[in-house]
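# Examination of the molecular architecture
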Amino acid sequence: MKKVLVVEDDPMVAMINMEYISKISDLEIVGLAINKEEVFKYLKTEKVDLILMDIFLGGENGLDILKEIRGEGYLTDVIMITSANGSEDIKKALSFGCLDYLIKPFDFERFKCAVKKFYERNAIFNEKKIVQQDLDKLGSTASESTIVLPKGLNEKTLKIVIDRIDELDGKDFNIKEICELVEMSNVSTKKYLDYLEKIKYIEEKTIYGNIGRPQCIYKKIDK
């Protein structure tokens, strides 16, 4: 079992974080801390494998605590869970060795991605000797595991949709044409197109003809 310390001064948020932890079988909550003093009390008396920490902790700052944790020589993995979304805060957290950074609100799937990253990192560092391929895998896994699709979308199906769009070589297409290529209904296909538009992989244009309803046309964005 991996021991987790939750560092959060908001009881409601702490309860949600601990509920998420309880859903993962190999995680065990070792305690709840609300300030720096309590954090170091747990680090000195318990085996803490992972810390979930907010930045806003009453009169204290989680980033300052993280910096001091590293200054004291603790290599415990830390995942920041916070509403602080400023670029400087995120940059500082990562520079202090933060494993992942979750911006509230987030869902359980995103939380599982962060925990997956924690397990994969531990699996590599548990080896006595590490080869370059392991380190390369760690880097690629970290970036891939942060991608979480909206509910109802499937990764394999999304890849099929993207592949069919790529095969069009930049040509405009409508939803009927792409439905025939991926062999899905209009409703299902539209969900994937909406997602690809949201992440700016494609763009939607409305064409107004002389007769009939306006038509939606899609085109892959040239990057």
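All figures in this text were calculated on a predicted structure; none of them were measured in a lab.

## With respect to the overall build of the protein chain
- A count of helical and extended segments in the protein chain gives 9 helices and 9 strands.
- Over its C-alpha trace the protein chain gives a radius of gyration of 22 Å, far above what one expects of a compact globule, namely 17 Å for 223 residues.
- In terms of principal-axis extent, the alpha carbons of the protein chain reach across some 75 × 40 × 30 Å.
- Within the protein chain, the proportion of its 223 residues that are buried is 37%.
- When contacts within the protein chain are restricted to residue pairs at least 6 apart in sequence, those whose partners lie at least 24 apart make up 58%.
- The average position of the 35 basic charges and that of the 40 acidic charges among the side chains of the protein chain differ by 2 Å.

## What to know about the pairing of strand S3 (residues 50-53)
- Across the two faces of S3 the burial is the same, with Leu 50 and Leu 52 and Ile 51 and Met 53 all buried.
- In the sheet, strand S1 (residues 2-7) pairs with S3 via 4 bridges, with the strands oriented parallel. The residue bridging Val 4 from the neighbouring strand is Leu 50, located in S3.
- Note: S3 against strand S6 (residues 77-82), 4 bridges, orientation parallel. Bridge assignment links Leu 52 to a residue of S6, and that residue is Ile 79.

## Concerning the nonpolar core
- Ranked by size, the top nonpolar core spans 23 residues in total, and within it Leu 5, Val 7, Val 39, Ile 51, Met 53, Ile 69 and Met 80 carry the most contacts.
- Looking at this core, the elements that each hand over two or more residues are S1, strand S2 (27-33), helix H2 (36-45), S3, helix H3 (62-71) and S6.
- Beyond its immediate stretch of four places on either side in the chain, Ile 69 contacts Val 39, Phe 40, Leu 43, Ile 51, Met 53 and Tyr 74.
- Counting residues in hydrophobic clusters, the runner-up holds 18 residues, among them Tyr 20, Leu 27, Leu 99 and Phe 111.

## Section: the environment of Arg 213
- Within the secondary structure, Arg 213 is located in the loop between strand S8 (202-207) and strand S9 (215-220).
- A residue is classified by how much of its surface remains accessible, and Arg 213, at 77% relative accessible area, is exposed.
- Through-space distance from the C-alpha of Arg 213 to that of Ala 84 is 45 Å; in sequence the pair is 129 residues apart.

## Things to note about the confidence of the model for the protein chain
- Across the protein chain, the average pLDDT comes to 87, with 90% of residues at or above 70.
- Mean pLDDT values for the elements of the protein chain range from 56 in helix H6 (residues 132-144) up to 97 in S3.
- Of the regions scoring below 50 in pLDDT, residues 140-147 engages in 6 contacts with residues more than four places distant in sequence or in other chains.

## Structural notes on the environment of Gly 31
- When you line up the elements, Gly 31 lands in strand S2.
- In sequence terms Gly 31 and Val 7 are 24 residues apart; their C-alpha atoms lie 8.6 Å from each other.
- If we ignore the near neighbours within four places in the chain, the residues touching Gly 31 are Val 4, Leu 5, Val 6 and Tyr 42.

## Concerning the state of the cysteines
- A full pass over the atoms with the stated rule returns 0 disulfides.
- We note that Cys 113 lacks a disulfide partner, and the nearest cysteine sulfur, in Cys 98, lies 15 Å from it.
- Its sulfur unpaired, Cys 216 is 13 Å from the next cysteine sulfur, which belongs to Cys 179.
- The class of Cys 216 is partly exposed, set by a relative accessible area of 34%.

## Thoughts on the sheet that holds S1
- The strand order across the open sheet formed by 5 strands is S2-S1-S3-S6-S7, and the pairing between neighbours is parallel. Two strands in the sheet have a free side with no partner beyond their single neighbour: S2 and strand S7 (100-103). Pairs of neighbouring strands in the sheet enclose a mean axial angle of 20°, with direction left out of account.
- Pairing of S1 with S2 involves 6 bridges; the strand directions are parallel. Paired with Val 6 across the strands is Leu 32, a residue of S2.
- Strands S1, S2, S3 and S6 of the sheet are contacted by helix H1 (residues 11-22), whose axis makes an angle of about 165° with S2.

Parameters and conventions
Residues numbered from 1 in each chain as written. Predicted model: local features only at pLDDT ≥ 70, side-chain atom pairs only at ≥ 80, totals over all residues. Heavy atoms only, no water. Helix = DSSP H or I, 4+ residues; strand = E, 2+ residues; numbered from the N terminus. Rg over C-alpha atoms; globule rule 2.2 N^0.38 Å. Buried < 20%, exposed > 50% of the residue type's maximum accessible area, 1.4 Å probe, protein only. Contact = heavy atoms within 4.5 Å. Lys, Arg positive; Asp, Glu negative; His and termini not counted. Charge placed at Lys NZ, Arg CZ, Asp CG, Glu CD. Pairing = 2+ DSSP bridges. Core = buried A, V, L, I, M, F, W, Y, C linked by side-chain atoms within 4.5 Å. pLDDT = per-residue confidence, 0-100. Disulfide = S-S within 2.5 Å. Axes fitted to C-alpha atoms, helices over the stretch in contact; angles between N-to-C directions.

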